[in-house]
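One letter stands for each residue in the lines below.
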Amino acid sequence: MTAFPAWRLRRLRHSPALRRLVAENRLHPAQLVLPVFVKEGIDAPQPIASMPGVSQHPLHGLPAVVEEAAAAGIGGIMLFGVPTHRDAVGSGATDPGGILNRAIRVAADAAAGRLTVQADLCLDEFTDHGHCGVLAADGSVDNDTTLEVYARMALAQADAGAGILGLSGMMDGQVAACRAALDAAGRADVVLLAYSAKYASAFYGPFRDAVESTLQGDRRTYQLDPGNGREGVQEALADVDEGADIVMVKPAGPYLDVLAEVAAVSPVPVWAYQVSGEYAMIEHAAAAGVIDRDRAIGESLLGIRRAGAETILTYWAIEVAGWLRDGRSLA
């Protein structure tokens, strides 16, 4: 008779080498994407107070950021533009001379194919009201009019050199509209990343500092209700049907259940965005001395990977890629 316990599961945790050998999930630098903020009209990086270690970058400094990212071996950068002028329809988003489209061209030239250049396709950084779409006369976001602008944005970003377009506006039909416009222009090569399950979250707070958001009110009429899980899966499958090449869950940490459910049914790659609030909470808690910073970063990323994300957008992308190259454990 075998004495209790018959199974000694601790055997596989005996040493760092053994734990590394049997790890169910691990990360590679190529699975990380760095969000990058490019601000018009500045001469030097401007630190973002609510996001320690993250800055807005001047356009002329972008090649150095791309070089660092490429050297780190990460999968790509996601570009966000911060313009000096905004208007009701976000005209800077479709202007080839707008800050985001100029940044795409600079980044694509600097990357030279060593990593993917991705661009945020949304109007919130470019509208004076801060919403992700064009407003109707009653002040609501006009879904279908916004789709027309998104289609023009898709063409402008593709022409500028973006290989992946991050459709983050949460308008119904946005994937189909952008895919149709790209196909009609002979740009079937451009990848569409749909922010499918994007929740109306408090965790975006520091990001709004980063892009200097002018939003008054909230985005609850188009972003998902935090209490809904099935709806996130439905959104993802709808985007796949419309032609999305990749689907996204955002935020990551508070919505790991949704991420796991989407990953279980999606026929296309599933990504997650570890958003600004998730980043800031760990950085500020670590600065206060209440958590181990590096272990918390690694554990948070492994949790997102374990839930099913094949790629993670994170502000720690370059730092963590360095850890991985050095063979450091993430947890």
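Bear in mind that the values here come from a model prediction, so they are computed numbers and not experimental data. (Residues numbered from 1 in each chain as written. Predicted model: local features only at pLDDT ≥ 70, side-chain atom pairs only at ≥ 80, totals over all residues. Heavy atoms only, no water.)

> What should I look at first to understand the pattern of salt bridges in this one?
Two side chains carrying opposite charge are able to pair once their charged atoms lie near each other. Counted according to the given criterion, the structure contains 12 salt bridges. The partner of Glu-67 in a salt bridge is Arg-114, and the shortest N-O contact between them spans 2.9 Å. Residue Glu-67 is found in helix α2 (residues 62–72), and its partner Arg-114 is found in the loop between α3 (99–111) and β5 (116–121); the two are separated by 47 residues along the sequence. Residue Arg-114 is classed as partly exposed on the basis of its relative accessible area, which comes to 41%. Between Asp-294 and Arg-293 there is a salt bridge, and its shortest N-O distance comes to 3.0 Å. Residue class for Arg-293 comes out partly exposed when judged on its relative accessible area of 23%. Shared partners join several salt bridges into a network, and the residues in it are Glu-283, Arg-293, Asp-294, Glu-319 and Arg-328. (Salt bridge = Lys/Arg side-chain N within 4 Å of Asp/Glu carboxyl O. Helix = DSSP H or I, 4+ residues; strand = E, 2+ residues; numbered from the N terminus. Buried < 20%, exposed > 50% of the residue type's maximum accessible area, 1.4 Å probe, protein only.)

> I'm lost on α3 in this one. Help?
Its 13 residues place the ends of α3 18 Å apart at the C-alpha level, agreeing with the 18 Å of an ideal helix rising 1.5 Å per residue. Considered for burial, the residues of α3 that qualify are Ile-99, Leu-100, Asn-101, Ala-103, Ile-104, Ala-107, Ala-110 and Ala-111. Where α3 is buried, its residues meet β1 (32–39), α2, β4 (76–82), β5 and α4 (143–160). Of the residues one or two after α3, Ala-112 is the one with positive phi, at around 50°. (Expected span 1.5 Å × (residues − 1). Contact = heavy atoms within 4.5 Å.)

> Before we go on, may I ask you to explain the packing of aromatic side chains in this structure?
For any pair of aromatic rings, the description rests on two quantities: the centre-to-centre distance and the angle between the ring planes. Enumeration over the complete set of coordinates arrives at 9 aromatic pairs. Here Tyr-279 and Tyr-315 contribute two aromatic rings whose centre-to-centre distance is 5.6 Å and whose plane-to-plane angle is 65°, an arrangement assigned as edge-to-face. Taken together, the residues Tyr-279 in helix α9 (residues 276–287) and Tyr-315 in the loop between β10 (311–313) and α11 (317–325) connect sequence positions 36 residues apart. Tyr-315 shares its class with Tyr-279; the two are buried. A cation over an aromatic ring shows up here: Lys-198 above the ring of Tyr-204, its NZ or CZ 5.9 Å from the ring centre. The ring of Tyr-204 has Lys-250 lying over it, and the distance from NZ or CZ to the ring centre is 5.2 Å. (Phe/Tyr/Trp six-rings, centres within 6.5 Å; stacked < 30°, edge-to-face > 60°. Lys NZ or Arg CZ within 6 Å of the ring centre and 35° of its normal.)

> Looking at this structure, I do not really get unusual backbone geometry. What am I missing?
Where the residue is not glycine, phi is negative for most of them; where a peptide bond is considered, it is trans in most cases. Across the junction of Lys-250 and Pro-251, the peptide omega takes the value -10°, indicating a cis bond. Relative to the assigned elements, Pro-251 resides in the loop between β8 (246–250) and α8 (256–265). One non-glycine residue with positive phi stands out, namely Ala-112, at about 50°. Along the polypeptide, Ala-112 turns up in the loop between α3 and β5.

> What am I meant to see in the nonpolar core here?
Side chains of nonpolar character tend, in soluble globular proteins, to be buried together. Within the largest apolar cluster, 109 residues are counted, with the highest numbers of intra-cluster contacts made by Leu-79 and Tyr-150. Sequence-distant contacts of Tyr-150, defined by excluding residues within four places in its chain, comprise Leu-121, Cys-122, Leu-123, Cys-132, Gly-169, Met-171, Gln-174 and Cys-178. (Core = buried A, V, L, I, M, F, W, Y, C linked by side-chain atoms within 4.5 Å.)

> Would you explain the side chain of Lys-39 in this entry?
One can find Lys-39 in strand β1. On the basis of relative accessibility, which here comes to 16%, the residue Lys-39 falls in the buried class. At 2.7 Å, the side chain of Lys-39 and the side chain of Glu-212 are in polar contact. With near-sequence residues (within four places) excluded, Lys-39 lies in contact with Gln-46, Gln-56, His-57, Pro-58, Leu-59, Val-82, Ile-99 and Glu-212. (Polar contact = N/O pair within 3.5 Å; in protein donor to acceptor, adjacent residues only side chain to side chain.)

> Any chance you could explain the pairing of strand β6 (residues 164–167) here in plain terms?
Looking down a regular strand, the side chains alternate between one sheet face and the other. Here β6 shows two buried faces, one formed by Ile-164 and Gly-166 and the other by Leu-165 and Leu-167. As defined by bridge partners, β5 adjoins β6 across 4 bridges and the pair is classed as parallel. When the sheet's bridge partners are listed, Gln-118 is paired in β6 with Ile-164. In this fold, β5 hands off to α4, which returns the chain to β6; that crossover is right-handed. Taken together, the 4 bridges between β6 and strand β7 (residues 191–198) define a ladder with parallel strand orientation. Note on β7: the bridge partner recorded for Gly-166 is Leu-193. (Pairing = 2+ DSSP bridges. Right-handed = clockwise from strand over helix to strand, strands pointing away.)

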